Amino acid sequence: MTGPKQMGAHERNAVPDGKTPLGRVRGLGSAHHGGGHWIKERVSSAALLLLGTWFLASLLLLPDFTQSTITAWLSGPFGFVPMALFVYLCFEHSFEGVKVIVDDYQGDEGGRLTWHIISLFLHVGAGALALFALARIAFGAAA
């Protein structure tokens, strides 16, 4: 019987389906999905970084923080549109992050599905409420 040291490198690293270690790594994970989810998280992180910088710079450029000044700023297209995108992406990114946490720490499939549904309802509800409040401010109904 030969041990691992007597075997050739290819034999030692071979798997039953005949793939080499590099061939195994090139897949998108054990279920052949997840690459799109990873890219979505990175892109939303980059967008949030840009929009967060815009938000802080915009606040610093305001003359004061009175309700009338903030309302006037959010009523314009250069205040409302990026702020709506910022709010949407915050909730979307948060939802994706909570999904990863649930997948990592919830053992059974039924529990994962339950927590995913609860998280979806909470994120969509809170996001809709935030966008509604922003729209009321921007379109003048909150005065």
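Note that the coordinates shown come from a computational prediction; the quantities given were computed from them, not determined experimentally.

Colleague: Describe the pattern of salt bridges, with residues and values.
Modeller: Summed over the entire model, instances satisfying the criterion amount to five salt bridges. Between glutamate 92 and lysine 40 there is a salt bridge, and its shortest N-O distance comes to 2.8 Å. With glutamate 92 in helix H5 (residues 77–105) and lysine 40 in helix H3 (residues 35–61), this residue pair connects regions lying 52 residues apart in the sequence. In this structure, lysine 99 and glutamate 96 form a salt bridge, with 3.7 Å as the shortest nitrogen-oxygen distance. With lysine 99 and glutamate 96 both in helix H5 and three residues apart, the pair spans about one turn of that helix. A residue is classified by how much of its surface remains accessible, and glutamate 96, at 5% relative accessible area, is buried. Within the structure, one salt-bridge network assembled from shared partners comprises Lys40, Glu92, Glu96 and Lys99.

Colleague: Give me the lowdown on the UniProt feature "transmembrane region" (unreviewed entry) in the protein chain, citing residues and values where you can.
Modeller: UniProt feature "transmembrane region" (unreviewed entry): in the numbering of this structure it lies at residues 43–62, 74–95 and 115–139. The span residues 43–62 shows a helical share of 95% and a strand share of 0%, and its end C-alpha atoms are spaced 29 Å apart. What you have in residues 115–139 is 96% helix and 0% strand, and the ends, taken at the C-alpha atoms, are 36 Å apart.

Colleague: With reference to specific residues and values, describe the environment of glycine 76.
Modeller: Its place among the elements puts glycine 76 in the loop between helix H4 (67–75) and H5. The class of glycine 76 is partly exposed, set by a relative accessible area of 21%. With 62 residues separating them along the chain, glycine 76 and alanine 138 place their C-alpha atoms 7.4 Å apart.

Colleague: Any chance you could break down the nonpolar core for me, citing the residues and the numbers?
Modeller: Residues Leu48, Leu51, Leu62, Trp73, Leu74, Met83, Ala84, Phe86, Val87, Leu89 and Leu134 constitute the largest nonpolar core, which totals 11 residues. Elements that contribute at least two residues to this core include exactly H3, H4 and H5. The element contributing the most residues to this core is H5, with five residues. Excluding residues that lie within four positions of it along the chain, leucine 51 makes contacts with Pro82, Leu85, Phe86 and Leu89.

Colleague: Give me the side chain of serine 44: which residues, what numbers.
Modeller: Turning to its location among the elements, serine 44 is positioned in helix H3. At 2.7 Å, the side chain of serine 44 and the side chain of histidine 93 are in polar contact. If we ignore the near neighbours within four places in the chain, the residues touching serine 44 are Leu89 and His93.

Colleague: Summarise the environment of serine 58; cite the residues concerned and give the values.
Modeller: Position of serine 58 relative to the elements: it lies in helix H3. The class of serine 58 is buried, set by a relative accessible area of 12%. Considered as a pair, serine 58 and phenylalanine 78 are 20 residues apart in the sequence and their alpha carbons are 9.8 Å apart.

Colleague: Run through the packing of H3 against H5, naming residues and quoting values.
Modeller: With their axes 9 Å apart at the nearest point, H3 and H5 run at an angle of 145° to one another. For the element pair H3 and H5, the recorded crossing hand is left-handed. Of the residues belonging to the contact of H3 with H5, the class tally is 13 nonpolar, seven polar and four charged.

Cut-offs applied
- Residues numbered from 1 in each chain as written.
- Predicted model: local features only at pLDDT ≥ 70, side-chain atom pairs only at ≥ 80, totals over all residues.
- Heavy atoms only, no water.
- Salt bridge = Lys/Arg side-chain N within 4 Å of Asp/Glu carboxyl O.
- Helix = DSSP H or I, 4+ residues; strand = E, 2+ residues; numbered from the N terminus.
- Buried < 20%, exposed > 50% of the residue type's maximum accessible area, 1.4 Å probe, protein only.
- UniProt positions renumbered as here; feature names shortened; annotations may be inferred.
- Core = buried A, V, L, I, M, F, W, Y, C linked by side-chain atoms within 4.5 Å.
- Contact = heavy atoms within 4.5 Å.
- Polar contact = N/O pair within 3.5 Å; in protein donor to acceptor, adjacent residues only side chain to side chain.
- Axes fitted to C-alpha atoms, helices over the stretch in contact; angles between N-to-C directions.
- Left-handed = near helix turned anticlockwise from the far one by under 90°.
- Nonpolar A, V, L, I, M, F, W, Y, C, P; charged D, E, K, R; others polar.

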